[in-house]
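Tertiary structure, described
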Amino acid sequence: MTDWSTVSSLATAGGTLVLAVATFSSVRSANRSARTTERALQIGLRPVLFPSRPQAPTQILRWGDDHWAKLPGAGAVLQDTNDVIYLAMSLRNVGSGIAVLRGWQIGPDAPTIDHNADLATMNAMMAFSAQVMTPPDGAEFRPQTVDLYVPPGDDGWWLAAIRDPEHPDRARTLANVAAGQPVTIDLLYGDQEGGQRTISRFIVNQNPAKEHEWICTVVRHWYLDRQDPRP
């Protein structure tokens, strides 16, 4: 004889299981859709800074103490005037969102490249390469006095100055500028919402064709608010 009570219970349990599976699948699908939407939004806001093109227009910069300088495309400013070191770089935002510059620091010194280098110099170059691979601490950056903006797909600039005689990087920056040696500059920036914090490392080199003229290149990007795409 059929136990209709048991059949009813089993049917109810089966229906509940099917509903749970459907709900779980729906939630997973909704989560994937939300993550996809969030990623698309982030891509639309993401800034990425590079040096501007060499043919970019020359920009006229003014610091807060009324110091002025010309900044050519792909160029940089490293000037020691009246005990103040003025720093600037011509930038281009190749990302799809506005870049808001938040802070900066002087990075590790790049070794001088010598094709006839001895073992000690080669070891120094390898040590620098290891430093380049290590992301800087964002908490140690010097904040910008004012926010600097670089529009997406357009040119802009970064500028700062070392005024403190006790600044920890003052002496070696002055020595590098006087000797025409490269200066490493790390920039901290993000999108207009305050997210997607990024550190880009630039190397400023003296133009071999023109003394006292400097050009900049970018060598590394670190993403502080998401997983690094590198293994």
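So, here's what we can say about the structure.

Scoring rules and cut-offs
- Residues numbered from 1 in each chain as written.
- Predicted model: local features only at pLDDT ≥ 70, side-chain atom pairs only at ≥ 80, totals over all residues.
- Heavy atoms only, no water.
- Helix = DSSP H or I, 4+ residues; strand = E, 2+ residues; numbered from the N terminus.
- Buried < 20%, exposed > 50% of the residue type's maximum accessible area, 1.4 Å probe, protein only.
- Contact = heavy atoms within 4.5 Å.
- Pairing = 2+ DSSP bridges.
- Salt bridge = Lys/Arg side-chain N within 4 Å of Asp/Glu carboxyl O.
- Phe/Tyr/Trp six-rings, centres within 6.5 Å; stacked < 30°, edge-to-face > 60°.

Some thoughts on the overall build of the protein
Of regular secondary structure, the protein possesses three helices and eleven strands. Traced from its N-terminal end to its C-terminal end, the protein shows the element sequence α-β-β-β-β-β-β-α-β-β-α-β-β-β. The 231 residues of the protein split such that 38% are buried. In the protein, the share of contacts with a sequence separation of at least 24, taken over all contacts with a separation of at least 6, comes to 65%.

Some points on the pairing of strand 5 (residues 84–93)
With ten of its ten residues buried, strand 5 lies for the most part within the structure. Neither face of strand 5 is open: one carries Val-84, Tyr-86, Ala-88, Ser-90 and Arg-92, the other Ile-85, Leu-87, Met-89, Leu-91 and Asn-93, and all of them are buried. Where strand 1 (residues 49–51) lies against strand 5, three bridges are found, and the strand directions are antiparallel. Residue pairing in the sheet places Phe-50 in a bridge with Arg-92 of strand 5. Sheet topology note: the strand 4 (residues 75–81)/strand 5 ladder contains six bridges and is antiparallel. Paired with Ala-76 across the bridge in strand 5 is Met-89. Two elements, strand 5 and strand 8 (residues 155–162), share eight bridges in a ladder whose sense is antiparallel.

Quick word on unusual backbone geometry
Backbone geometry at Ala-74 places phi at a positive 60 degrees, although glycine is not the residue there. Judged by relative accessible area, Ala-74 falls into the buried class, the value being 12%. Although it is not a glycine, Asp-83 adopts a positive phi angle of roughly 65 degrees. On the secondary structure map, Asp-83 appears in the loop between strand 4 and strand 5. Residue classification places Asp-83 among the exposed residues on the basis of a relative accessible area of 58%.

Details of the pattern of salt bridges
For side chains bearing opposite charge, pairing can occur when the charged atoms are close. In the structure shown here, the tally under the stated rule is eight salt bridges. Salt bridges sharing partners connect three or more residues here, namely Asp-109, Asp-169 and Arg-172.

Describing the packing of aromatic side chains
Under the definition given, this model contains two aromatic pairs. With a centroid separation of 5.2 Å and an interplanar angle of 70 degrees, the aromatic rings of Trp-63 and Tyr-86 are classed as edge-to-face. Of the two residues, Trp-63 sits in the loop between strand 2 (59–62) and strand 3 (68–71) while Tyr-86 sits in strand 5, which places them 23 residues apart along the sequence. Looking at Tyr-86, the relative accessible area reads 4%, which means it is buried.

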